[in-house]
Amino acid sequence: MHKIDIELIEMTLDVMKYAIGRISATEHPIGKPKKAEELKALVGDTVTEKGIGGEYAFNLWKEHLSKANVPVDHPRNLAFVPASPTRAAVMFDLVTSASSIHGAYWMEGAGGIFCENEAMQWIVSLTGLPEGAFGVFTSGGTAANLSAIVTAREYWRRDDTYKREKGLIITSIGAHSSIKAMAKVADVDILLVETEEKLTGKALQETIENLTFHQRKRLFAVVATGGTTNAGIIDDLDGIAEVCEAERLWFHVDAAYGGGALAADSVRPLFKGIEKADSITIDPHKWMFSPYDCGAVIYKEPELAKEAHSQQGSYLDIFKDEGAHGFNPTDYQIQLTRRVRGLPLWFSLATHGTDRYKESVERGIELAQIAGKMIEAHPDLELVREPSLSCVLYRRKGWQPEDYTHWTYENHKKGFALVTPTKWKNGNTFETVSRFCFINPDTTEKDIQMILDSMV
Ligand SMILES: Cc1ncc(COP(=O)(O)O)c(C=O)c1O
């Protein structure tokens, strides 16, 4: 299994040919999911005592299994938060795998971690955080949010008064589901301010003033969003920062989706106040054109994260010894063994330069504005709200929720587009509407027009 023979060489060539084909292709079909039973019927038993052979397994992948995936980088995949990794980044993802690097400690992964840190330096510079701030790459926004919440909670519990208290955090209903999920993992209560529009410093202050004495005692952090997933809304970060400072609360900004827009001059002022955050989540696998999976968590004072996350064990002592000194990414987030997942981003940044990143992010914002104008000009459609960052919410006049679902499935089945519905709070009810999220700079105006025209 670990030896080189002619079969292995042939398989390597086949795999490389496939990868080259995928990387250089300009169009990919939108695949269709199949039921597990259907896939099983197509491929049969794949894991057997003697193995089915690389060539056969690879053919099953090419013929059947790869086609049951929807490529996130398809220009008409505008659902959820899609992605569009650069070709340079994808290529270096192959190099990252081929290099077998353990990215936890400098002692083993110095070269890879050095590259990651070069990329991280650029991301940190976009935030405007003060000297000394730094971050690490995580598996995604969820892991970054968890790492930040745990750091904040441990910092709060330094004070003996809070040692036995269950923590409480405040965010808004516009926050991503991972905030609620990660609060559960960290066994922290969460209070949601009832607004999907911008969370303001004023609303936060009022919420704090309405807390009971015990709730106020348990409150240790506020999570603001720098680009909500549903609508691209950036909270009043400056106002929230001010309240957090006055109330001595940890200020976390979840900019997993919107963080890429820090590079875009046209919207950068909307993020004013992010430079006062204690921690920030930004996902390069969303709007920084990195392949999955690559998130990032950044801290104003990384030492606090180290206190919360650094693992201890006799087998790990060597990594902290003289001679092994260097930056150990494992100390700043929840994971020990880790892929150097920032490496593809580094290679792409080094290849193209940061200006190209700016341009590509600006294009996503421009596409949202263009889509907004097309919707306004369309007799059957109307905007639910002005486009924000690269998100557009719009309604098809007269449609019921099931019409949106049917339309989504029809377009998907035809292999034409993936555009999914969402809900928007309208007074006291939630209205089903359609949503675009633009990431891929190769999405064209014609793509948008074709999708809108299909809403007949
Ligand atoms: C604002 C926000 N935070 C967190 C997440 C979770 O990130 P991930 O899916 O990378 O774990 C997302 C994902 O869409 C998001 O949009």
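Reading guide: rules and limits
- Residues numbered from 1 in each chain as written.
- Predicted model: local features only at pLDDT ≥ 70, side-chain atom pairs only at ≥ 80, totals over all residues.
- Helix = DSSP H or I, 4+ residues; strand = E, 2+ residues; numbered from the N terminus.
- Rg over C-alpha atoms; globule rule 2.2 N^0.38 Å.
- Buried ≥ 20, exposed ≤ 12 C-beta atoms within 10 Å, placed from the backbone.
- Contact = placed C-beta atoms within 7 Å.
- Pairing = 2+ DSSP bridges.
- Axes fitted to C-alpha atoms, helices over the stretch in contact; angles between N-to-C directions.
- Near = placed C-beta within 6 Å.
- Nonpolar A, V, L, I, M, F, W, Y, C, P; charged D, E, K, R; others polar.
- Domains from an automatic or database assignment.
- Core = buried A, V, L, I, M, F, W, Y, C linked by C-beta atoms within 7 Å.
- Expected span 1.5 Å × (residues − 1).
- Parallel < 35°, antiparallel > 145°, perpendicular 65-115°, else oblique.
- Left-handed = near helix turned anticlockwise from the far one by under 90°.
- Arc of directions from axis to C-beta.

## Here's the deal with the overall build of the chain
Counting its secondary structure elements, the chain contains 16 helices and 11 strands. For 456 residues, the compact-globule estimate of 2.2 N^0.38 gives 23 Å, and the chain sits close to it at 23 Å. Across its three principal axes, the chain shows a C-alpha extent of roughly 70 × 65 × 45 Å. Residue burial in the chain is summarised as follows: out of 456 residues, 44% are buried. Within the chain, counting contacts between residues at least 6 apart in sequence, those at least 24 apart form 73% of the total.

## As for the sheet that holds strand β8 (residues 381–383)
On the basis of which strands lie adjacent, the open sheet formed by 4 strands has the order β8-β9-β11-β10 and antiparallel pairing. For this open sheet the edge positions go to β8 and β10 (421–426), each flanked by a neighbour on one side alone. Looking at each pair of strands side by side, their axes are set apart by 50° on average, direction ignored. Note that β8 and strand β9 (residues 391–396) share 3 bridges and pair antiparallel. Paired with L381 across the two strands is R396, which belongs to β9.

## With respect to the site of the ligand
Among the 13 residues in the neighbourhood of the ligand, the closest are listed as G140, G141, T142, H176 and A256. A class-by-class count of the residues in the shell around the ligand yields 3 nonpolar, 8 polar and 2 charged.

## Side note on the domain arrangement of the chain
Each assigned domain of the chain is listed here: domain 1 (1–30 + 34–67), domain 2 (92–352) and domain 3 (355–453). One C-alpha centre belongs to domain 1, the other to domain 3, and the line joining them spans 35 Å.

## A short note on the sheet that holds strand β7 (residues 295–299)
Within a beta sheet, neighbouring strands are joined by backbone hydrogen bonds and run either parallel or antiparallel to one another. Spatially, 7 strands are ordered β1-β7-β6-β5-β4-β2-β3 in an open sheet, and the strand pairing comes out mixed. Two strands close off the open sheet at either side, each with one partner strand: β1 (134–138) and β3 (189–193). The sheet shows a mean angle of 20° between the axes of neighbouring strands, direction not considered. Sheet topology places strand β2 (residues 168–172) next to strand β4 (residues 219–225); 3 bridges connect them, and they run parallel. When the bridges of β4 are listed, I170 appears paired with V222. Its contacts with the sheet put helix α5 (residues 106–127) on β1, β6 (279–282) and β7, and the angle it makes with β1 is roughly 120°. Contacts between helix α6 (residues 141–156) and the sheet are confined to β1, β4, β5 (250–255), β6 and β7, with β7 contributing the most and set at about 25° to the helix.

## Here's the deal with the nonpolar core
Formed by 114 residues in total, the largest nonpolar core has its most connected members in V222, I240 and I298. No other element matches α5, which puts 8 residues into this core. Looking at which domains feed residues into this core, each of domain 2 (92–352) and domain 3 (355–453) gives three or more. Apart from residues lying up to four places away in sequence, V222 is in contact with I169, I170, T171, L204, I240, C244, L249 and F251.

## Quick notes on helix α14 (residues 354–377)
Helix length check: α14, at 24 residues, gives a terminal C-alpha distance of 35 Å against a target of 34 Å (1.5 Å per residue), a fit within 8%. Every buried residue belonging to α14 is among Y357, S360, V361, G364, I365, L367, A368, A371 and I375, and all of these are buried. Those residues of α14 hidden inside the fold are in contact with α11 (284–287), β8, β9, β11 (429–437) and α16 (445–453).

## Examining unusual backbone geometry
Omega for the bond connecting Y292 with D293 falls within 30 degrees of zero, at -10°, which places this linkage in the cis form. Locating D293 in the fold gives a position in the loop between α11 and β7. A positive phi angle is found at R248, which is not glycine, with a value near 55°. Residue placement: R248 occurs in the loop between α10 (237–247) and β5.

## Some thoughts on the packing of helix α2 (residues 36–43) against helix α3 (residues 54–65)
One can describe the packing of α2 onto α3 by two numbers: an axis separation of 10 Å at closest approach and a directional angle of 135°. In terms of orientation, α2 and α3 fall into the oblique class. Every pair of crossing elements has a handedness; the one defined by α2 and α3 is right-handed. Facing L39, L42 and V43 of α2, the residues of α3 in contact are L60, H64 and L65.

## A look at the pairing of β7
With respect to burial, β7 is a largely interior element, 5 of its 5 residues being buried. Burial along β7 is two-sided: the residues G295, V297 and Y299 and A296 and I298 are all buried. Note that β1 and β7 share 5 bridges and pair antiparallel. From the neighbouring strand, F137 faces β7, where its bridge partner is A296. In terms of strand pairing, β6 meets β7 through 4 bridges, oriented antiparallel. Across the sheet, residue I282 finds its bridge partner in β7, namely A296.

## Brief notes about helix α4 (residues 87–99)
The terminal C-alpha atoms of α4, which comprises 13 residues, lie 18 Å apart, in line with the 18 Å expected from a rise of 1.5 Å per residue. For α4, the set of buried residues is A89, F92, D93 and T96. For α4, the angular spread of the buried residues around the axis is 120°, confining them to a single face. Exposed positions of α4 whose direction lies more than 90 degrees from the buried face are V95, S97 and A98. Considering only its buried residues, α4 is in contact with α13 (343–352).

## Topic: the environment of E196
Considering the arrangement of structural elements, one finds E196 in the loop between β3 and α8 (201–209). By the C-beta count within 10 Å, which is 19 here, E196 ends up partly exposed. Excluding its chain neighbours within four sequence positions, the residues that come into contact with E196 are I173, G174, N230, A231 and K425.

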